[in-house]
Amino acid sequence: MLSAAVRADGSSRFGKNNRWGTFPSIAAGWNFSEENWIKDNLPWFSFGKFRASWGRSGMHFAQNYLALGIFVTDIPYMGNGMLRPQWFGGLYNDKLSWEETDQYDFGLDVDLFEYRLGVVLDYYYRYTDKLLYRVPLPGDYNGFGMQWANAAALSNEGLELLIKYEIFRRPDLYWK
């Protein structure tokens, strides 16, 4: 089994050269229990499958116009509305882009004894790059002390194990 997909998303929340993000994914699986050498030699083996996948997803930031710098309304002057930079909001950064997450998954499914005993084992690794972070700026020459940038990363991984067993399999009582 093989599956692949590509998605492209656009958002006006990013810098002018980073509005679009491309997010591909691919997955493959092999039902090795369908192979003749398993069927002929292991009658107690009901089902077996290897799985693997990789995908990238993107996330835009929740606050609008971070890439353009943050402005707020100010006290009107002579009846005219005024805008001023929000000094603690950050300096303009047209290089802001999508936060990207790559995830890898590997799995094994095994069922034995006419599906009475089963084991599912999964491993995943997730790496998120280009996380938004407020980067301090050196000096105080322009009034801005920081700037939003894609300057952080985070990773996590895990292993999951599921063991299932059918205790009773009768017409009047089924307990798994």
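Residues numbered from 1 in each chain as written. Predicted model: local features only at pLDDT ≥ 70, side-chain atom pairs only at ≥ 80, totals over all residues. Heavy atoms only, no water.

A.B. asks: Tell me about the overall build of the chain, and please be specific about residues and values.
C.D. replies: A count of helical and extended segments in the chain gives one helix and 10 strands. Of the regular secondary structure in the chain, the N- to C-terminal order runs β-β-α-β-β-β-β-β-β-β-β. When burial is assessed residue by residue, the chain has 27% of its 176 residues classed as buried. Here the chain has roughly 12,100 Å² of accessible surface; of this, 59% comes from carbon and sulfur atoms. (Helix = DSSP H or I, 4+ residues; strand = E, 2+ residues; numbered from the N terminus. Buried < 20%, exposed > 50% of the residue type's maximum accessible area, 1.4 Å probe, protein only. Areas by Shrake-Rupley, 256 points an atom, 1.4 Å probe, with all protein chains shown as cover.)

A.B. asks: Lay out the packing of aromatic side chains in plain terms, naming residues and giving numbers.
C.D. replies: Scanning the model with the defined rule gives nine aromatic pairs in all. Seen in terms of ring centroids, F23 and W98 are 5.4 Å apart; in terms of plane orientation they differ by 75°. Their pairing is edge-to-face. You can see F23 sitting in strand β2 (residues 20-30) and its partner W98 sitting in the loop between β5 (80-85) and β6 (99-112), a full 75 residues away along the chain. Residue F23 is classed as buried on the basis of its relative accessible area, which comes to 3%. (Phe/Tyr/Trp six-rings, centres within 6.5 Å; stacked < 30°, edge-to-face > 60°.)

A.B. asks: I'd like a description of the nonpolar core, backed by residues and values.
C.D. replies: The nonpolar side chains of a soluble globular protein tend to be buried with one another. Among the nonpolar cores identified, the biggest contains eight residues, and these are F14, F23, F61, L96, W98, L132, M146 and W148. Counting five residues, the second-largest nonpolar core is a separate cluster that includes I38, F45, V110 and L112. (Core = buried A, V, L, I, M, F, W, Y, C linked by side-chain atoms within 4.5 Å.)

A.B. asks: Pulling in residues and values, what's your account of the pattern of salt bridges?
C.D. replies: Using the criterion set out here, one finds nine salt bridges in the structure. Note that E100 is salt-bridged to K130, the shortest N-O span being 3.7 Å. One end of the pair, E100, is in strand β6; the other, K130, is in strand β7 (residues 117-136), and 30 residues separate them in sequence. Among the residues examined, K130 registers a relative accessible area of 29% and is labelled partly exposed. (Salt bridge = Lys/Arg side-chain N within 4 Å of Asp/Glu carboxyl O.)

A.B. asks: Before we move on, could you go through the confidence of the model for the chain and cite the residues and values that matter?
C.D. replies: Confidence along the chain averages 84 in pLDDT terms, with 82% of residues attaining 70 or more. Least confident of the elements in the chain is β5, whose mean pLDDT is 62; most confident is β6, at 95. (pLDDT = per-residue confidence, 0-100.)

A.B. asks: Any chance you could break down the sheet that holds strand β3 (residues 45-59) for me, citing the residues and the numbers?
C.D. replies: Ordered by their spatial adjacency, six strands build an open sheet running β1-β2-β3-β6-β7-β8, and the pairing between neighbours is antiparallel. The two strands at the open ends of the sheet, each matched to only one other strand, are β1 (2-10) and β8 (146-165). Between one strand axis and the next, the sheet turns through 10° on average, direction left out of account. Direction of pairing for β2 relative to β3: antiparallel, over a ladder of six bridges. Paired with A28 across the strands is A52, a residue of β3. (Pairing = 2+ DSSP bridges. Axes fitted to C-alpha atoms, helices over the stretch in contact; angles between N-to-C directions.)

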